[in-house]
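Below, each chain spelled out in residue letters.
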Amino acid sequence: MDTQAPSLTIGAVARRVGVAIDTIRYYEREGLLPEPERRASGYRSYGEATVAQLRFIRRAKDLGFTLEEIRELLALSADRQRGVKAVKRRAEKRLAAIEQRIAELQRVRDGLAQLVASCPGHGKPEQCPILRALSDDKVAA
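Residues numbered from 1 in each chain as written. Predicted model: local features only at pLDDT ≥ 70, side-chain atom pairs only at ≥ 80, totals over all residues. Heavy atoms only, no water.

Asker: Break down the overall build of the protein for me, citing the residues and quoting the values.
Answerer: The helix and strand inventory of the protein stands at 6 helices and 2 strands. Ordering the α and β elements of the protein from the N terminus gives α-α-β-β-α-α-α-α. Scaling as 2.2 N^0.38, a compact globule of 141 residues should have a C-alpha radius of gyration of about 14 Å, whereas the protein reaches 24 Å, well beyond that. With 141 residues in all, the protein has 26% of them scored as buried. Summarising the internal contacts of the protein: among those between residues at least 6 apart in sequence, 52% fall at separations of at least 24. Of the accessible surface of the protein, which amounts to about 10200 Å², a share of 54% is contributed by carbon and sulfur atoms. For the protein, the centre of its 26 positive side-chain charges and the centre of its 19 negative side-chain charges are spaced 3 Å apart. (Helix = DSSP H or I, 4+ residues; strand = E, 2+ residues; numbered from the N terminus. Rg over C-alpha atoms; globule rule 2.2 N^0.38 Å. Buried < 20%, exposed > 50% of the residue type's maximum accessible area, 1.4 Å probe, protein only. Contact = heavy atoms within 4.5 Å. Areas by Shrake-Rupley, 256 points an atom, 1.4 Å probe, with all protein chains shown as cover. Lys, Arg positive; Asp, Glu negative; His and termini not counted. Charge placed at Lys NZ, Arg CZ, Asp CG, Glu CD.)

Asker: Describe the pattern of salt bridges, listing the residues and the values that go with them.
Answerer: All told, the structure shown has 11 salt bridges when counted by the stated rule. Among the ionic pairs, Glu72 bridges to Arg90, the shortest N-O distance being 2.6 Å. Of this pair, Glu72 sits in helix H4 (residues 67-77) while Arg90 sits in helix H5 (residues 83-118), and the two are 18 residues apart along the sequence. On the basis of relative accessible area, Glu72 is assigned to the partly exposed category, the value being 29%. Taking relative accessible area as the criterion, Arg90 reaches 28% and is therefore assigned partly exposed. Between Arg101 and Glu104 there is a salt bridge whose closest N-O contact spans 2.9 Å. You can see Arg101 and its partner Glu104 sitting in helix H5, 3 residues apart, about one turn around the helix. For Glu104, a relative accessible area of 36% corresponds to the partly exposed category. Residues participating in the shared-partner salt-bridge network are Glu30, Glu68 and Arg71. (Salt bridge = Lys/Arg side-chain N within 4 Å of Asp/Glu carboxyl O.)

Asker: Requested: an account of helix H2 (residues 21-29), with residues and values cited.
Answerer: Helical geometry: 3.6 residues make up each α-helical turn, so side chains three or four residues apart lie on a common side. Ile24, Tyr27 and Glu28 are the residues of H2 that are buried. What you see down the axis of H2 is that its buried residues fit within an arc of 105°, all on one side. Across H2 from its buried face, at more than 90 degrees, point the exposed residues Asp22 and Arg29. Each element contacted by the buried residues of H2 is listed here: helix H1 (10-17), strand E2 (44-45), helix H3 (48-62) and H4. (Arc of directions from axis to C-beta.)

Asker: Pulling in residues and values, what's your account of the packing of H4 against H5?
Answerer: Orientation of H4 relative to H5, taken along the N-to-C sense of each, is 160°, at an axis distance of 9 Å. With respect to their mutual orientation, H4 and H5 come out roughly antiparallel. Taken as a pair, H4 and H5 cross one another with a handedness that is left-handed. Touching Glu69, Glu72, Leu73 and Leu76 of H4 are Gly83, Ala86, Val87, Arg90 and Arg94, all from H5. The residue inventory of the contact of H4 with H5, partitioned by class, reads 4 nonpolar, 1 polar and 4 charged. (Axes fitted to C-alpha atoms, helices over the stretch in contact; angles between N-to-C directions. Parallel < 35°, antiparallel > 145°, perpendicular 65-115°, else oblique. Left-handed = near helix turned anticlockwise from the far one by under 90°. Nonpolar A, V, L, I, M, F, W, Y, C, P; charged D, E, K, R; others polar.)

Asker: Can you break down the confidence of the model for the protein residue by residue, with the values?
Answerer: Mean pLDDT over the protein works out to 88, with 93% of the residues at or above the 70 mark. Averaged pLDDT values for the elements of the protein fall to 87 in strand E1 (residues 37-38) and rise to 95 in H2. (pLDDT = per-residue confidence, 0-100.)

Here it is in structure tokens:
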């Protein structure tokens, strides 16, 4: 839980971090955020630690980490002995996956560029190299 007395509403936290209120509730249900304290009225009450944790989650998502990977990163961030080494391994794994995806996208881009360059942009549809490539069952993706 937060070290200072919780005082922020869910709406205030959402605005400060730039996420939707439903996103905060979802992260709570998924166990990425601790259950918030409740005011006498029953409303959720948050502190600065929750804001920091949400920023961590948001930035990790921006870097392509899955929610499960973020859960692991959060757990590792508390591990004083092995945390940093394990975090680095997970980041290296994420980087490799991103590089693989980039290579795949470049291959797709190159193939599409070839098709676009070979298409005159006029004529009969059955003579269009783009439509032929999309229809041909022999063309591998």
